[in-house]
Amino acid sequence: MSTFFNTFQLVSLMIFFLLFIGRTVQLRIQARINPIQLGVGKTGFRRMLELAFFAGFLLWTVEVVLHSLQQPHAYLPSVVEEQLHDFALLKYLGVGMIVVGLAIFAAALISFGNSWRIGIDKRSAGELVTTGVFALSRNPIFLFMDLYFVATFLINGQAIFLIIALATVAGLHIQILQEEAFLMEMHGQAYRDYIARTRRYIGWTRSDKML
């Protein structure tokens, strides 16, 4: 059973990076756009948040690979490597969450077109996207990342993955709030109308509040 979960994690990670790198290269070559804007033009807390996420993502990637390959490593305190659960049902739930999450990610990249950015791009912001998967969620890529990081904890069960998942969910929510303020400034009433019909994470609403 462990072989299946380890192989699945490596394959799903490769699929994610193929989608991510492929779309990044395509935008750089075809549209001459740099979609990676983490820390670019930011100062203070906003810059720190985006750079901290990048560092955390690298740590998470290394941990996923090492655990999947069952390679012993001791560069972190033993307490964060503690096994919190080893339930097969939770592991399969994690597999399902990653499959759904990758489908959402792929759909979001398609719907985004040339507007896809990682971080806030004030110099060449893309158009407001409200169709495709964005009709169901205002933040489908952040939703995917929440699913992916939580699912990784469910599959592996170690404390380090729970810590990273909780920090990621909290950090991404702060990033969403910042992006909402930016999009409100950029698109005004069009973004208000979008908020009125689509929820922040998933679903529809008739409220004009940022739900």
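Anything mentioned here points back to the structure above.
Residues numbered from 1 in each chain as written. Predicted model: local features only at pLDDT ≥ 70, side-chain atom pairs only at ≥ 80, totals over all residues. Heavy atoms only, no water.

(A) Main features of the packing of helix H3 (residues 88–112) against helix H4 (residues 140–156). Where H3 contacts H4, the two axes come as close as 8 Å, and the packing angle between them is 160°. Relative to H4, the element H3 is oriented roughly antiparallel. Crossing of H3 over H4 shows left-handed handedness. A class-by-class count of the residues in the contact of H3 with H4 yields 21 nonpolar, three polar and one charged. (Axes fitted to C-alpha atoms, helices over the stretch in contact; angles between N-to-C directions. Helix = DSSP H or I, 4+ residues; strand = E, 2+ residues; numbered from the N terminus. Parallel < 35°, antiparallel > 145°, perpendicular 65-115°, else oblique. Left-handed = near helix turned anticlockwise from the far one by under 90°. Nonpolar A, V, L, I, M, F, W, Y, C, P; charged D, E, K, R; others polar.)

(B) Quick peek at the packing of helix H2 (residues 44–68) against helix H5 (residues 159–187). It is at 10 Å that the axes of H2 and H5 come closest, and there the two elements cross at 150°. The angle between the axes of H2 and H5 places the two elements in the roughly antiparallel class. The element H2 and its partner H5 pack so that their crossing is left-handed. On the side of H2, the interface is formed by Phe-45, Arg-46, Leu-49, Glu-50, Phe-53, Leu-59, Trp-60, Glu-63, Val-64 and His-67, while H5 contributes Ile-160, Phe-161, Ile-164, Thr-168, Gly-171, Leu-172, Ile-174, Gln-175 and Gln-178. Per-class residue counts for the contact of H2 with H5 are 11 nonpolar, five polar and three charged. (Contact = heavy atoms within 4.5 Å.)

(C) Inspection of unusual backbone geometry at higher detail. Here the phi dihedral of Arg-32 falls at roughly 55°; this positive angle occurs in a residue that is not glycine. Relative to the assigned elements, Arg-32 resides in the loop between helix H1 (2–31) and H2. Positive phi, normally seen in glycine, also occurs at Gln-70, with a value near 55°. Structurally, the position occupied by Gln-70 is in the loop between H2 and H3.

(D) Representation of the nonpolar core in the model. Within the largest apolar cluster, 44 residues are counted, with the highest numbers of intra-cluster contacts made by Trp-60, Ile-141, Phe-144, Tyr-148 and Phe-149. Those elements that place two or more of their residues in this core are H1, H2, H3, H4, H5 and helix H6 (189–197). Counting residues per element, this core draws most heavily on H4, which supplies 11 residues. If near-sequence neighbours (up to four positions away) are discounted, Ile-141 is found in contact with Phe-105, Ala-108, Leu-109, Phe-112 and Trp-116. (Core = buried A, V, L, I, M, F, W, Y, C linked by side-chain atoms within 4.5 Å. Buried < 20%, exposed > 50% of the residue type's maximum accessible area, 1.4 Å probe, protein only.)

(E) Geometry of H2. Taking 1.5 Å as the rise per residue, H2 with 25 residues should run 36 Å; its terminal C-alpha atoms sit 36 Å apart, in good agreement. Those residues of H2 lying buried are Leu-49, Glu-50, Phe-57, Trp-60, Thr-61, Glu-63, Val-64, Leu-66, His-67 and Ser-68. Against the buried residues of H2 lie H1, H4 and H5. The positive-phi residue at the C-terminal boundary of H2 is Gln-70, with phi of around 55°. (Expected span 1.5 Å × (residues − 1).)

(F) Main features of the pattern of salt bridges. Considering all chains together, one arrives at three salt bridges under this definition. Across the salt bridge formed by Asp-86 and Lys-91, the nearest N and O atoms sit 3.4 Å from each other. Residues Glu-180 and Arg-138 are paired through a salt bridge, measuring 2.7 Å at the closest nitrogen-oxygen approach. One end of the pair, Glu-180, is in helix H5; the other, Arg-138, is in the loop between H3 and H4, with 42 residues separating them in the sequence. There is no split in this pair, since Glu-180 and Arg-138 are both buried. (Salt bridge = Lys/Arg side-chain N within 4 Å of Asp/Glu carboxyl O.)

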